[in-house]
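Single-letter residue listing:
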Amino acid sequence: MILLSFEAGLEALDKCITLKMDIAITGIGIVSAIGANSQDVLASLKQGISGITNMKYLESEHKELPVGEVKLSNQEMAKLLDIDDYEYLSRTTLMGALAVKEAIDSNGKLNVRGHKKITFISGTTVGGMDITEKYYTQMKSDDRHLRALNSHDCGSSSDAIVDILGFYKPNVCTISTACSSALNAIIIGSEMLKSGETDIVIAGGTEALSKFHLNGFNTLMILDHERCRPFDATRSGINLGEGAAYLVLQRADDAKKEKQNIQGYITGYGNACDAFHQTASSENGEGAYLAMTKALAMASLEPKDIDYVNAHGTGTQNNDQSESVSLKRVFGEKMPLVSSTKAYTGHTTSASGSIEAVICLIAMHNNFVPGNLGWENPMADGIIPTLGVEDATLNNVLCNSFGFGGNDSSIVISSKSLSVCESEKTEYDYEIASSVVIDDEEQLKDYKEFISVAEARRMGKLMKAATITSMKALRDAGVECPDAIITATAFGMLETSEKFLEDMCVNGESLLKPTLFMQSTHNTIGSSIAIRTKCHGYNVTYTQGMISYDWALKDAERLIRTGQARTVLVGVHDESTQTFRDFQTRLGDEPTPMIYSKSIVLKKKED
Amino acid sequence: MEELIKNLKAQIIDALNLEELSIDDIDTDAALFGDDGLGLDSIDALELIVLLEKNYGIRLANASEGKDIFKSVRSIAEYVEKNRKK
C-alpha cells in the first residue's frame, strides 16, 4: 500500500517518453557565505575557507551562535543592484536578485528580459520575515511602516526579484517546502519545460537569516554553538546560513539548437515524503531513499554511475543518522564520494537545494570534489565522507535536500546528455472526484471525526480545517492514500507564526515555544496530511498570493496527464488573525477571511 | 513536595495545551512519554525544557538531558527541588 505511488511513478517513467527528456542548464548564479558569485565560491571551496563566522548583520541577541551570513549589508546589495529605495526589501529578495542576475549574465546569449515564455520559480520559507520582524511592533501602533506588510509573504519576495531585474511579464511561482524548497523549484521547472508549458525557466531559491528562524531552530535545540560537523561523531547541530542560487533551464534540444553554452544537464529527480514526523526524519530514511531511487530511475542510471553525492548533511544527530541509512540502502557497499558542504555555507534552509546544486556544477566544471570540511570522527553506522578530491572527473552527481515534514528531494546532474528525446507522449485525462470547503470557524466544531483530542491540542484553526477538508475529500473520492499531495496557501500558518513573532517581539529572544515554530512553515499542512495518510508520494506547497491555487492545480493536472499519479489531493488553505486583518484594512487591502480551506481530489479517468 | 507536584501538573497542562485534563487526571508516577502514560513526544520534551527555565530558572544545555528528568511528574519534581534557581 505504502509503496504504490512510487511503483506507479516508475511504471509511468517506462511508459512516458517525455519524462526522460534531459534539461539543459544554461546559466548559474550563487550568493552565499563563501562568496557572492560563482568565482568566489569556487575559490573558497578550493581553499577550504568556511563562511561560518560570528554574527555581523543579523540583529539577534544570540551572538553566541555562529552563522553563515552573506558578507554584504542590505545597503551594499541594493547598491550592486542599482536600487535606491530598499527599506522594505527583504534580504531574501536582495540576495535572490543578485543570484538571478549572475545566472542571466552567465548565459550571455539569452534575451531573458524580452522573452515571452519564461517562468521564474523560487523556493523560500522566510520570505520577508526579516522585514516583518523589524517593524511588527510599530506596525501595530502606527501606519508609518505598514508598507512592510507588502513584502511579508513568500510570493511577494519572488515578485520583487522579477521587478528589480525588469523581466518582461514572466510567470512567477514560489515553492515553500522548508529546506527542500529550492530543489523542488528546480524539479517543478523541469516538469514545466518537459510538458511544453514554458520555454525558459529560472529556478532556485533564496533564504535570508531572520531572528524568527534563528530562534525557531534554537527552540528545537538543534543549533551548534561551534562550526557544524556533519557526519561526525561529535556533531551537535546546525549553523544557520543564508544565500540564494538559481539555474537557467531549457529543454536540451532547444539549448543545442540555439548553440547555448550548456553547463550541465538535469537528468533525473525525485520528490518523496518521509511521512514520519513534522521535524524529524525516520530512522530508516524512507523518504530520502525513495527520492534518490526515483532520481536514479529517471536518469536511467545505476548507483555505481554516481561519482559524487552532495548530501543534505545538516549536522544534526537525526538527519545525519537517517541520511546515512538511506545512502547505504541506495548504494550498498559501493558508496560514491559523499560530502556535506554545510560547514562552508551553513544550512541555507530553503535555498540549500539550489546552492548545493550550483556547488555541484562548479565542482563538475573545475574537476574537483568539495570536502566535508572539518570532519574527523566516524559516527556509529554513519557514512565516511570525503575530505575533498583535487583531481576528479564528475560525470554524474546526486544532490540531496530534505525538509521539515519529511519533504525529501534529490536530483541527478550530469555533464553529458543521457537520453534522446522524442516528442511522442502518453496523455491521460482526469476528473474531479470530490470537493470539500470550510469557510466558517463554526464548521470546525466537529473535528473529532478526524482528529483526536491529543492531536487537536497542537492544531490551530487552519490545520484543523485543512485536515477536515482533506480527509473528507479523500473519503468522498474513495481514496485512502493519494499518489500525491499538493497544497496552496498565500500566507501559510499565520496564527502560529504570529504568536511566535509576537512572543519574540514582546518578551525577547528566550523562552519561546518550539511547538509554535514547528508549525510555522507553509508545508506543515501538506506533510501533516501525508503523515496521516501514510503518503510517501510527491508532496509540494505553492505560495504565490491569490494565484497559489492555480499553480497547485496545474501541477496536479500535469501529474495525472503524464501518468505520474492516478490520484492527487489538492488543497488551498488560508487563515487570518485580527492583527493581520487590521493591518490589511489600514493598508486599504481586502482583509483575508478568518478561515478558508478547500480540498479536492483529482482522479485519472479510467478508459 | 506535594505543592510543587501540584504546581508542575498545572504548568504542564498549560504549556502542552492539555486542556481536556485536570491536575487529578495526571498520575504523579506514571510515564509521561511512550504509549503507556500521557503519550508525550520529543516536541513536548522541548516545551518541558522551556517550562523548567521559565518557572524554576533551570537551563538544560542539551535536549538529551531531559530523558531521565522527564520520566514522570515525580522525577521532574525531584530534579526541580534539587536544582531550582527560583
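Peer 1: So what exactly am I meant to see when it comes to the overall build of chain B here?
Peer 2: Per the secondary structure count, chain B includes 4 helices and 0 strands. Ordered by position from N to C terminus, the α and β elements of chain B give α-α-α-α. Based on the C-alpha atoms only, the size of chain B along its principal axes is roughly 30 × 25 × 20 Å. The 86 residues of chain B split such that 41% are buried. Taking contacts inside chain B between residues at least 6 apart in sequence as the whole, the part at least 24 apart equals 58%. A total of about 4,900 Å² of accessible surface is found on chain B, and carbon and sulfur atoms cover 43% of it.

Peer 1: Looking at this model, I keep getting lost on the overall build of chain A. Mind explaining?
Peer 2: For chain A, the helix and strand inventory stands at 20 helices and 15 strands. Long-range pairs, those at least 24 residues apart, make up 80% of the contacts in chain A with a sequence separation of at least 6. With 57 positive and 79 negative side-chain charges, chain A shows a spacing of 2 Å between the two charge centroids.

Peer 1: Which parts of the structure should I look at to understand the packing of aromatic side chains?
Peer 2: We describe a pair of aromatic rings using the distance from one ring centre to the other and the angle between the two ring planes. Residue and element names in this part refer to chain A. A complete count under the given rule lists 11 aromatic pairs over all chains for this structure. Residues phenylalanine 120 and tyrosine 246 carry aromatic rings whose centres are separated by 5.4 Å and whose planes lie at 35 degrees to one another, so their mutual orientation is tilted. Here phenylalanine 120, found in strand β2 (residues 118-123), pairs with tyrosine 246, found in strand β5 (residues 243-251); they are 126 residues apart in sequence, far enough to count as distant. Each member of the pair phenylalanine 120 and tyrosine 246 is classed as buried. Each ring, one from tyrosine 136 and one from phenylalanine 583, has its centre 6.2 Å from the other, and the planes form 80 degrees; the classification is edge-to-face.

Peer 1: Any chance you could explain the state of the cysteines here in plain terms?
Peer 2: A covalent bond between the sulfur atoms of two cysteines is referred to as a disulfide. Residue and element names in this part refer to chain A. In the structure shown here, the tally under the stated rule is 0 disulfides over all chains. The closest cysteine sulfur to the non-disulfide-bonded cysteine 179 is located on cysteine 154, 13 Å from its own sulfur. Given a relative accessible area of 6%, cysteine 179 falls into the buried group. Looking at the unpaired cysteine 273, the closest cysteine sulfur is the one in cysteine 535, lying at 6.9 Å. Judged by its relative accessible area of 0%, cysteine 273 is buried.

Peer 1: Which parts of the structure should I look at to understand the side chain of lysine 342 of chain A?
Peer 2: Residues and elements named next belong to chain A. For lysine 342, the location among the structural elements is in helix α12 (residues 342-345). There is a polar contact of 2.6 Å between the side chain of lysine 342 and the backbone oxygen of histidine 312. Residues in contact with lysine 342, not counting those within four places in the same chain, are Ile52, Cys228, Ala311, His312, Gly313, Thr314, His347, Ser352 and Glu356.

Peer 1: Could you clarify how one ought to interpret the packing of helix α1 (residues 2-15) of chain B against helix α2 (residues 42-56) of chain B in this entry?
Peer 2: Residue and element names in this part refer to chain B. The geometry of α1 relative to α2 is characterised by a closest axis approach of 11 Å and an angle of 125 degrees between their N-to-C directions. By the criterion of interaxial angle, the relationship of α1 to α2 is oblique. You can see that α1 and α2 cross each other, and the crossing is right-handed. Contact residues: α1 offers Leu4, Asn7, Leu8, Gln11, Ile12 and Ala15, while α2 offers Glu47, Leu48, Leu51, Asn55 and Tyr56. Looking at the contact of α1 with α2, its residues break down into 7 nonpolar, 3 polar and 1 charged.

Peer 1: When you look at the nonpolar core in this model, what are you seeing that I'm missing?
Peer 2: It is characteristic of soluble globular proteins that their nonpolar side chains tend to be buried jointly. If you look at the biggest cluster of nonpolar residues, it comprises 67 residues, and the most contacted ones within it are Leu249, Tyr542 and Val568 of chain A. In terms of residues, this core owes the most to one element, helix α13 (residues 352-365) of chain A, which gives 9 residues. Once residues within four sequence positions are removed from consideration, valine 568 of chain A is found in contact with Ala484, Ile486, Ala556, Leu559, Ile560, Ile600, Val601 and Leu602 of chain A. Counting residues in each nonpolar core, the second largest holds 63 residues, with Leu223 and Met518 of chain A together with Ile12 and Leu46 of chain B among its members.

Peer 1: Help me understand α13 of chain A in this model?
Peer 2: The α-helix advances 3.6 residues per turn, and as a result positions three or four apart in sequence lie on the same side. Taking 1.5 Å per residue, 14 residues should reach 20 Å; α13 of chain A reaches 20 Å between its end C-alpha atoms and fits that length. Of all 14 residues in α13 of chain A, 13 are buried, a share of seventy percent or more.

Peer 1: Is there a simple way to think about the interface of chain B and chain A in this case?
Peer 2: How big an interface is tends to be reported as the loss of accessible area on association of its parts. Of the residues lining the interface, 20 residues belong to chain B; the matching set on chain A comes to 15 residues. Summing both partners gives a buried area of about 1,400 Å² for chain B against chain A, and 56% of it is carried by carbon and sulfur. Area buried by chain B at its contact with chain A is led by Ile43, Leu46 and Glu47 of chain B, which between them contribute 37% of it. Our count for the contact surface shared by chain B and chain A stands at 4 salt bridges. With a shortest N-O distance of 2.8 Å, arginine 458 of chain A and aspartate 44 of chain B are connected by a salt bridge. Joining chain B to chain A, the criterion identifies 8 residue pairs in polar contact (both at pLDDT 80 or more). When residues of the side of chain B that touches chain A are assigned to their parent elements, the largest contribution, 9 residues, is made by α2 of chain B.

Peer 1: Is there a simple way to think about the confidence of the model for chain A in this case?
Peer 2: For residues with low pLDDT, the predicted coordinates do not support detailed interpretation. On average, residues of chain A score 94 in pLDDT, and 95% of them reach the 70 mark or higher. Segment residues 1-6 of chain A: pLDDT under 50, and 12 contacts once partners within four positions in sequence are set aside and those in other chains are kept.

Peer 1: Is there a simple way to explain unusual backbone geometry in this structure?
Peer 2: The general pattern is negative phi for most residues beyond glycine and trans for most peptide bonds. Residues and elements named next belong to chain A. Phi angles above zero are rare outside glycine, and phenylalanine 231 is one such case at about 60 degrees. Within the secondary structure, phenylalanine 231 sits in the loop between α8 (211-219) and β5. Backbone geometry at threonine 349 places phi at a positive 40 degrees, although glycine is not the residue there. Inspection of the secondary structure puts threonine 349 in the loop between α12 and α13.

Peer 1: Which parts of the structure should I look at to understand the pattern of salt bridges?
Peer 2: Note on pairing: side chains with opposite charge can pair once their charged atoms come close. Residue and element names in this part refer to chain A. Scanning the entire structure with this criterion turns up 30 salt bridges over all chains. Measuring nitrogen to oxygen at the nearest pair gives 3.8 Å for the salt bridge that ties arginine 235 to aspartate 320. One end of the pair, arginine 235, is in the loop between α8 and β5; the other, aspartate 320, is in helix α11 (residues 317-331), and 85 residues separate them in sequence. When sorted by exposure, arginine 235 lands in the same class as aspartate 320, which is buried. The closest approach of N and O atoms between lysine 461 and glutamate 495, which form a salt bridge, is 4.0 Å. Here the residue lysine 461 occupies a position in helix α15 (residues 461-477), and glutamate 495 occupies one in helix α16 (residues 494-507), the gap between them amounting to 34 residues. Connected through shared salt-bridge partners, Glu197, Asp555, Arg558 and Arg561 make up one network.

Peer 1: How should I be thinking about helix α4 (residues 73-83) of chain B in this particular structure?
Peer 2: Those residues of α4 of chain B that fall on the buried side of the exposure criterion are Val73, Ser75, Ile76, Ala77 and Val80 of chain B. Next to the buried residues of α4 of chain B lie α1, α2 and α3 (66-69) of chain B.

Reading the values: rules and limits
Residues numbered from 1 in each chain as written. Chains lettered and ligands numbered in written order. Predicted model: local features only at pLDDT ≥ 70, side-chain atom pairs only at ≥ 80, totals over all residues. Heavy atoms only, no water. Helix = DSSP H or I, 4+ residues; strand = E, 2+ residues; numbered from the N terminus. Buried < 20%, exposed > 50% of the residue type's maximum accessible area, 1.4 Å probe, protein only. Contact = heavy atoms within 4.5 Å. Areas by Shrake-Rupley, 256 points an atom, 1.4 Å probe, with all protein chains shown as cover. Lys, Arg positive; Asp, Glu negative; His and termini not counted. Charge placed at Lys NZ, Arg CZ, Asp CG, Glu CD. Phe/Tyr/Trp six-rings, centres within 6.5 Å; stacked < 30°, edge-to-face > 60°. Disulfide = S-S within 2.5 Å. Polar contact = N/O pair within 3.5 Å; in protein donor to acceptor, adjacent residues only side chain to side chain. Axes fitted to C-alpha atoms, helices over the stretch in contact; angles between N-to-C directions. Parallel < 35°, antiparallel > 145°, perpendicular 65-115°, else oblique. Left-handed = near helix turned anticlockwise from the far one by under 90°. Nonpolar A, V, L, I, M, F, W, Y, C, P; charged D, E, K, R; others polar. Core = buried A, V, L, I, M, F, W, Y, C linked by side-chain atoms within 4.5 Å. Expected span 1.5 Å × (residues − 1). Buried area = accessible area lost by both parts, 1.4 Å probe. Salt bridge = Lys/Arg side-chain N within 4 Å of Asp/Glu carboxyl O. pLDDT = per-residue confidence, 0-100.

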